[in-house]
Amino acid sequence: MSAIIQATEVYKIYDLGEERIEALKGVSVLINQGEFVAIVGKSGSGKSTLMHILGLLDTPSSGEVIINGTNTKGLKEKQLAKVRNNEIGFVFQSFNLLQRTSVLDNVMLPLKYSNVPASKWMDKTMEMIKLVGLENRIHNKSNELSGGQKQRVAIARALVNDPALIMADEPTGNLDSKTGDEIVKKFLDLNAQGKTIILVTHDEDLAKIAQRRIVMHDGCVVEN
Amino acid sequence: MHLLETLKTAINALLLNKARSFLTMLGVIIGVFSVVTLVSVVQGFQNYITDQFSALGSNTVIVGPGGITTGDPSKAYSSNKLENKHYDLLKLNSSDKVLAIAPSIRLSKDATYKTKTYLSTIFGTTQSVVDIGALNVDKGRFYTDAEDTAKARVVVLGSEVVKQLFGTRSPIGERIKVEKETFQVIGTVASKGSSFDDRIYMPIKTTENAFNLTNISSIVLKTKNAGDVDTVIKETELILMKDLKKDDFTVFSSKDILTSINNILSMVSVGLGAIAGISLLVGGIGIMNIMLVSVTERTREIGLRKALGATSGNIGLQFVIESVLLSVLGGLVGLGLGWLATFAVQSFVRAEVPWWAIVLALGFSLTVGVVFGTYPAVNASKKDPIEALRFE
């Protein structure tokens, strides 16, 4: 199995003048293609910081992160944006859909920043919308959807560029348990189809669905 | 992201807040509207004055009271020393470079025909005004020098006077009253521009006699060639100094006065343009203000776009395009309104929107969009994706 993410000795230090916070203290993780990994830990354990660094939304103070064979150390902002666009799909706790914008346009958004020709955008978008079962709501605005539907739009958006991995940060945190279960099932289906999934959560029960748990505590990996 | 896609995104973002977008544009609309309207109205005045002077021709020399071009014209007329004898003096002594000479007295008086009254300009002059002013007598005839000498009570009417007093009727042979005096209409003059059309031409000696005047308003000389104007000015000054002091009269060409009026109008135009420019500047600041608010409001959107693969350049360009769209659309609406306003005042002045005003207004609004949109756009593009996504 090939590695999708290989993070080595990753440190993240916030220098706040008098105070120096070590959010990550030499974290090394290896995540292979097709895995379903849960990063768990209490609030302040460093799990979100790790996800941001693995998702290239933040840069480590030291250490290196290799995503799908690309060493991201020293990459320029433009190149990092390209790797994010091609290789990573994000699903957030608060959905982060464009307000008062249709389901279609929300799902299509990552394609607009990609090298995919515009002629293919509609087919790819519709394919993903069908995958999450929202083909009857394509023209509905994001504010006209329920929480579960919003998260399904976010999943379709995360998948539309066919990324190497999906990163989900507390994806059921804003949903009731029934809707949350539907979303969990969707992630399991995607994983069964071969997608690599990284789930960040503080919810131990949710983490149980993953094949592997990476437990964070005080900026370190304590269980892998 | 393709430019066309960025443009669509910017249009959608502006349409999401239609009222706010319109109110933001309003500053630029008012700015461009004022620039275009003021410039076109001043241009209209310039056209009007140029028309009036071109009717006189470039080979015209005017003798007016002293200080008319340098001091207060009303004082110049109240201490006027020009008399009909100075016209005679010029007539006798002018060289062959002078083609025609006409004295004139101008008075604003009510002219009455039966029940109708019209405030017109009594223009006391000699027959030579027909050549000098290139007048076209379309009905009847102009008075002769003999009638002038005889102080005959005859008049020739300008087209507006005819229209106001007689409507479509022929005035020839009719009698009009000015103050208590009665005059017979012997001819009419075709339209030649508003300041000519409200004239009632009257023999100068008749005018002096009827209204008990001794002074004349001006003497107009027409030279054979336009190149003779400067020589004739000097020659005229020498002739008049036989009877008058240098300060008692002013000799100038129609070109001189046209140039000085145009200079004044250009200054007025620049001044008004600068004031209108300030309102455009205020419009630009309004755009910047709203764009800064928009960047703050859409911080999470910026974070999301970056997470999904947008570069700082993509984000910056999107906000600059939004700002440019606001200002250019505002500029176009302002231009349209300015054009309508110009059209509306055309019955008063021959206003026109010069091409350079269109280029200036649109260029300026484009610049306003780019300049005032850049700071908010840079602000937006520099947002850290993590902090932006966490923004509440």
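Refer to the preceding data block for the structure.
Residues numbered from 1 in each chain as written. Chains lettered and ligands numbered in written order. Predicted model: local features only at pLDDT ≥ 70, side-chain atom pairs only at ≥ 80, totals over all residues.

1. Considerations on the overall build of chain A
Stage number 1. In terms of helices and strands, chain A carries 7 helices and 10 strands.
Stage number 2. Here the C-alpha radius of gyration of chain A, 17 Å, is about what a compact globule of 224 residues would show, namely 17 Å.
Stage number 3. C-alpha atoms of chain A, sized along the principal axes, occupy 50 × 40 × 40 Å.
Stage number 4. Across the 224 residues in chain A, those meeting the buried criterion constitute 47%.
Stage number 5. Pairs at least 24 apart in sequence give 72% of the contacts found in chain A among residues at least 6 apart. (Helix = DSSP H or I, 4+ residues; strand = E, 2+ residues; numbered from the N terminus. Rg over C-alpha atoms; globule rule 2.2 N^0.38 Å. Buried ≥ 20, exposed ≤ 12 C-beta atoms within 10 Å, placed from the backbone. Contact = placed C-beta atoms within 7 Å.)

2. With respect to the environment of B:Glu179
Stage number 1. By the secondary structure assignment, B:Glu179 is in the loop between strand S6 (175-178) and strand S7 (181-189).
Stage number 2. Expressed as a C-alpha distance, the spacing of B:Glu179 and B:Asp110, which sit 69 residues apart in the sequence, is 7.1 Å.

3. Examining the packing of helix H3 (residues 103-112) of chain A against helix H5 (residues 147-159) of chain A
For any two helices packed against each other, one specifies the inter-axial angle together with the distance between the axes.
Residues and elements named next belong to chain A.
Stage number 1. Two numbers describe how H3 lies on H5: the axes approach to 7 Å, and their chain directions differ by 30°. Taken as a pair, H3 and H5 cross one another with a handedness that is right-handed. Residues Val-103, Asn-106, Val-107, Leu-109 and Pro-110 of H3 form the contact with H5, whose own contacting residues are Val-153, Ala-156 and Arg-157.
Stage number 2. In terms of residue class, the contact of H3 with H5 is made up of 6 nonpolar, 1 polar and 1 charged. (Axes fitted to C-alpha atoms, helices over the stretch in contact; angles between N-to-C directions. Left-handed = near helix turned anticlockwise from the far one by under 90°. Nonpolar A, V, L, I, M, F, W, Y, C, P; charged D, E, K, R; others polar.)

4. What about the nonpolar core?
Stage number 1. With 110 residues, the main nonpolar core has A:Ile39, A:Ala156, A:Ile198, B:Val32 and B:Val35 as its most contacted residues.
Stage number 2. Looking at which element gives the most residues to this core, the answer is helix H2 (residues 18-56) of chain B, with 10 residues.
Stage number 3. If we ignore the near neighbours within four places in the chain, the residues touching B:Val32 are B:Leu280, B:Gly330, B:Gly331, B:Gly334, B:Leu335, B:Gly338, B:Ala361 and B:Ser365.
Stage number 4. Judged by nonpolar contacts, the second largest core, of 45 residues, contains B:Val129, B:Ile176, B:Ile219 and B:Ile239. (Core = buried A, V, L, I, M, F, W, Y, C linked by C-beta atoms within 7 Å.)

5. Some remarks on the interface of chain A and chain B
Stage number 1. On the side of chain B, 17 residues touch chain A, which itself brings 18 residues to the contact.
Stage number 2. Looking at the side of chain A that touches chain B, the elements that each hand over two or more residues are helix H2 (77-87) and H3 of chain A.
Stage number 3. By residue number, the principal contributor to the side of chain A that touches chain B is H2(A), which donates 6 residues.
Stage number 4. Broken down by class, the residue content of the side of chain A that touches chain B amounts to 7 nonpolar, 4 polar and 7 charged.

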